[in-house]
Amino acid sequence: MAGDRENAFALRGRIAHFLGDPGMSPENLVYFEDGVLVVEDGKILLCDDARSLAGAGFDLAQCEWLPNQLILPGFIDTHVHSPQIDVIASYGTQLLDWLNDYTFPAESRYAQRSFAEASANDFLDYTLSVGTTTSFVYTTSYKQSTEALFEAALAKDMRLVAGKILMDQNALPELQDTAASGYQDSVDLINEWHGKGRLGYAVTPRFSGTSSVEQLTLAGQLLKEFPDVWMQTHMSENLEEIRWLKTVHPHTADYLDSYEQYGLNTDRSIFGHCIHLSDDEILRLAGSGGRVAFCPTSNLFLGSGLMPLEKLKKAGVPVSIATDVGGGTSLSMLTTLGEAYKVCQMQGYSLHPLEAFYMMTLGNAKATHLDHCIGNFERGKEADIVVLDNKPTPMMARRITQCRELDEELFVYMMMGDDRSVARTYCHGVQQYDKGENN
Ligand SMILES: [Zn+2]
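Cut-offs applied
Residues numbered from 1 in each chain as written. Predicted model: local features only at pLDDT ≥ 70, side-chain atom pairs only at ≥ 80, totals over all residues. Heavy atoms only, no water. Helix = DSSP H or I, 4+ residues; strand = E, 2+ residues; numbered from the N terminus. Rg over C-alpha atoms; globule rule 2.2 N^0.38 Å. Buried < 20%, exposed > 50% of the residue type's maximum accessible area, 1.4 Å probe, protein only. Lys, Arg positive; Asp, Glu negative; His and termini not counted. Charge placed at Lys NZ, Arg CZ, Asp CG, Glu CD. Patch = residues over 30% accessible without salt bridge, like charges linked within 9 Å, V, L, I, M, F, W, Y side chains within 5 Å. Areas by Shrake-Rupley, 256 points an atom, 1.4 Å probe, with all protein chains shown as cover. Salt bridge = Lys/Arg side-chain N within 4 Å of Asp/Glu carboxyl O.

(A) How the structure looks around the overall build of the chain. The helix and strand tally for the chain stands at 16 helices and 16 strands. A compact globule built from 439 residues should have a C-alpha radius of gyration of about 22 Å, and the chain, at 21 Å, falls within 12% of that. Judged by the C-alpha coordinates and their principal axes, the chain covers about 70 × 45 × 40 Å. The buried share among the 439 residues of the chain stands at 62%. Taking the 34 positively charged and 59 negatively charged side chains of the chain as two groups, their mean positions are separated by 4 Å.

See the structure below:
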């Protein structure tokens, strides 16, 4: 039953996870047709082949057997906006109008603490129902909306990184902070929440267009004062935005420079989108170790463009994958992988299902420096687990029976899967979602 803690339990079924990038070596994929996963005190104790374990004296009868279901590490979403669950699927605009017409009014509701608390809880429940156990979240410019999200994530023992949005210009007046208040709120939130339970803090300027030079300077100061926090922001999403940004920050050479000048391009920086970067910007990102969050459903929905995944990877830029709800159209990372495939197809690159599943698990963990604790089933890691139902719909069941290899089956989940494909989700060894209970 969801939410009950057992000190130790064992699941038996088909198990897949990655030890590294499967593009570098096929041995980086670990797959057991009949595997056992043992969890103790919230950590992975054992992940191995059932028959060899039985041969060594392990009693398979203690396992809960999930025949045919596929057990994977929890999915990681490296860029999502919790308050935008109320504006997902809003018609007819591209980025700048979408912000003004839909997003800013929706975010202004989070000034009310009770609304922020209820919505934070709903947001996390929605993420668990699609198999996402770790998210990098933009809240709103209100400090209390970030507190509400951290409280809700702590109660569910989720690993989650979030930040209050810094935004002191070019937005609704009631949503604007000031450079000084944004800095102080961030300091207070870091001191209260960063490192508590499984939580972390990300300094979060929305994008350089909505922050003054003074605010960007103080954001850079925060990274110096708290070197183990993250930085998340948006960059080079929309051509009109890029033209507009030159008028807002005319002293900068290009978009990346509007962060670099303030010390905001580091290997703990996660830049959402990065669709229209120049070759020079790509080189500088690769040099600094700055990370990119690829948000395909958002890029298509807002008509922003096609992110050049293959080009960025070849240039040595670490790329993660993310939903970017509510510009993105689904919290499901499976759906996100399917749209990523189409974006890559449009550029002559066929994203392989193993590469895709690696990206949303261990790859995203590595891209965010969390691979020491999540991302796969190595012993000692936190037990964030997703169980996929291989018969979520009659048509998927039919299609999956045709699959001979694991990568064929993963590709079906990637192209046809969504919340219906997720049977269970565990956070830190506790089941937090059960599709059977929620139907
Ligand atoms: Zn975003």
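(B) Geometry of a nonpolar patch on the surface. Together, Leu300, Leu306 and Met346 make up a nonpolar patch on the protein surface, roughly 280 Å² of accessible area in all. You can see Leu306 is positioned in the loop between helix H10 (296-301) and helix H11 (309-314).

(C) Structural detail: the pattern of salt bridges. By the definition in use, this model includes 26 salt bridges. The shortest N-O distance in the salt bridge between Arg109 and Asp86 comes to 3.9 Å. Of this pair, Arg109 sits in the loop between helix H2 (95-108) and helix H3 (113-129) while Asp86 sits in the loop between strand E5 (75-81) and H2, and the two are 23 residues apart along the sequence. A relative accessible area of 44% means that Arg109 is categorised as partly exposed. Here the salt bridges do not stand alone but share partners, grouping Arg113, Glu117, Glu147 and Glu151 into one network.

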